[in-house]
Structure formats: C-alpha cells, structure tokens
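Residue-level structural notes
Next come the chains, spelled out residue by residue.
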Amino acid sequence: MTALNDLVRPDRYPRSSRYDPAWLLDLDMGPNPLWLLEGLARDLDLRPGMRILDLGSGKGATSVFLAREYGVQVVAADWWIAPEDAADVFAEAGVGDQVTAARAEAHALPFEEESFDAIVSVDAFEYFGTADSYLPYLLRFLRPGGQLGMATPAMTREVRELGAIPPHIKAVVGWEAIAWHTAEWWRFQWEITELVEVTSAQLQQDAWQDWLLWVRAAAEHQPDGRNVNQPVIDMLTTDGGEFLSFALVTARKN
C-alpha cells in the first residue's frame, strides 16, 4: 500500500491529507483533484455562506472539499455524472445539505445570471473553456466582484511554439494536448477581455511528480489499474517535468 500512503502529504497539502486516499481514488476522474483545489484556493477568498459553482465536478470530491473546508454552498455541475449518483456521494460525506448536484453542459448552463459568488473548475476547463468566447459567457453567472478559479492540465511551452505535440504525450492523449496551454497563455486570454483582473496564473509546483504519485496509486488500488494507468506513468516518467504540468489560474470579475 506504499503508493496509496504517498497520497497523504500534510507538509504540502494539509487540508487534502485529512481525506481517505482510497475514497478519492474510488471517485477518480483525473489526478488528485483535492491537491489542485487546495493549491488553487490559496489564491481565492472563500468564505462561509458563499454560493459556489463547481463546474465539471465529476463524481463529487471537489464539491465535498469545498463544502467541508470553507463552509460554502455548492452547486456541483457535471455533464457526465448523473445527479443522483453525485447526491449519494454528498449524502454519505455528510454535506448533502450544502451541495446540490446538477446535470449541466458547460455551454448551456441552467442557472440565473449573477447567481454565484465564485466559480471553480478543477481538471475540466480544458474540455470547454479554451474558446475566445467562453470567458465572457461564463462571467454572466458570476456576481460583480465574484471570483473565478480553475486548474487545468498545462504545458510549460505552447504546442504552437514547439511546432508539434511531443511524441510521448501524443501517444497517450493525442490531439487533446493542443488545449493544454501555459499559465501565461491563460493569463493573456483572460486579461485581454478586460472583464476580469487575473489575481494569479502559475504552474502547480512539481505538478508532474504529483500527477505521477496519483497514477501510481491508481495503478495499485483500482481494478485493472496497472493496465489503465501504465501509459500515463510512462508518459510522465519520460517527460520528467520538461513539458507537462498543471496551470492554476484565479481572477476577479470587474
């Protein structure tokens, strides 16, 4: 169980380390979402009673974390996970009265305008948020002065600059890596609209190593985990942090 124990890191992620790694891996839809969210939240001002949209909430781990750690009310919105399945997770975690599950497609959000104090998105924005028009659309649902935070797979250099997706990355994720932008790409993409003030845009510290710890634990813990995760393990060890990372970006609506 060594790999599973490696997901408990109170020195780096004290809040996340209070959560059972096996529980997290059972909700797996991407590299440790609580590490990403804890890092992201350091540049957000989340306060009890705020209404938060967790956009692309997956099976619900990030929504549980937001409710427990910050005392906020959460709308957990995802296109792929049935709301009743997510609601079971929230009830079992003791936050059923704080988190509401909703099925929502990111380009057709069924919410009232200016109804959220903050919007967060962990390991999902790369699928729907790269279009030039998306930030202005999303901001319709955020109150003036509201906060936006997202964590997304990133590259240390733009694919356009490299001229091609590096072969060890292309072999695993194919063309999807085109959407894995640098933190500075995201800063410019958001700031140029003059709709937000970007408050932070950075690469997660040692992101590829954190990612590797996660997939090694998944390979150990999950059924058929070795076969599913070995290609990602190989990709990350080949890369060694040269290109692969995660971007953490926060902003406040003007």
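Scroll up for the structure.
This section reports on the structure supplied with the text. Predicted, not measured: the structure shown is a model, and the values here were computed from it.

Quick look at the overall build of the chain now. Each helix and strand counted, the chain has twelve helices and seven strands in total. Relative to the compact-globule value of 18 Å for 254 residues, the chain shows a C-alpha radius of gyration of 17 Å, a close match. Seen through its C-alpha atoms, the chain measures out along the principal axes to roughly 45 × 45 × 35 Å. Counting contacts in the chain only where the partners sit at least 6 residues apart, residues at least 24 apart contribute 74% of the total. Just so you have it, the chain exposes about 11300 Å², and 50% of that area is on carbon and sulfur atoms.

On to the packing of aromatic side chains, then. Going through the model one piece at a time under the given rule, you end up with 16 aromatic pairs. Their ring planes at 75 degrees and their centres at 6.2 Å tell us that Trp186 and Trp190 sit as a pair that is edge-to-face. Placement of the pair is Trp186 and Trp190 together in helix α10 (residues 183–191), with a separation of four residues, close to one helical turn. Each member of the pair Trp186 and Trp190 is classed as buried. Taken together, the ring pairs connect Phe125, Phe128, Tyr134, Tyr137, Phe141, Trp185, Trp186 and Trp190 into an aromatic cluster. Directly above the aromatic system of Trp35 lies the positively charged group of Arg9, at a separation of 5.0 Å from the ring centroid.

The sheet built from seven strands is open, its strands ordered β3-β2-β1-β4-β5-β7-β6 with mixed pairing. The open sheet has two edge strands with one neighbour each: β3 (99–103) and β6 (196–203). The sheet shows a mean angle of 15 degrees between the axes of neighbouring strands, direction not considered. Pairing of β6 with strand β7 (residues 244–253), which is carried by seven bridges, proceeds in the antiparallel orientation. For Ala201, the partnering residue across the bridge sits in β7 and is Val249.

Definitions and limits used
Residues numbered from 1 in each chain as written. Predicted model: local features only at pLDDT ≥ 70, side-chain atom pairs only at ≥ 80, totals over all residues. Heavy atoms only, no water. Helix = DSSP H or I, 4+ residues; strand = E, 2+ residues; numbered from the N terminus. Rg over C-alpha atoms; globule rule 2.2 N^0.38 Å. Contact = heavy atoms within 4.5 Å. Areas by Shrake-Rupley, 256 points an atom, 1.4 Å probe, with all protein chains shown as cover. Phe/Tyr/Trp six-rings, centres within 6.5 Å; stacked < 30°, edge-to-face > 60°. Buried < 20%, exposed > 50% of the residue type's maximum accessible area, 1.4 Å probe, protein only. Lys NZ or Arg CZ within 6 Å of the ring centre and 35° of its normal. Pairing = 2+ DSSP bridges. Axes fitted to C-alpha atoms, helices over the stretch in contact; angles between N-to-C directions.

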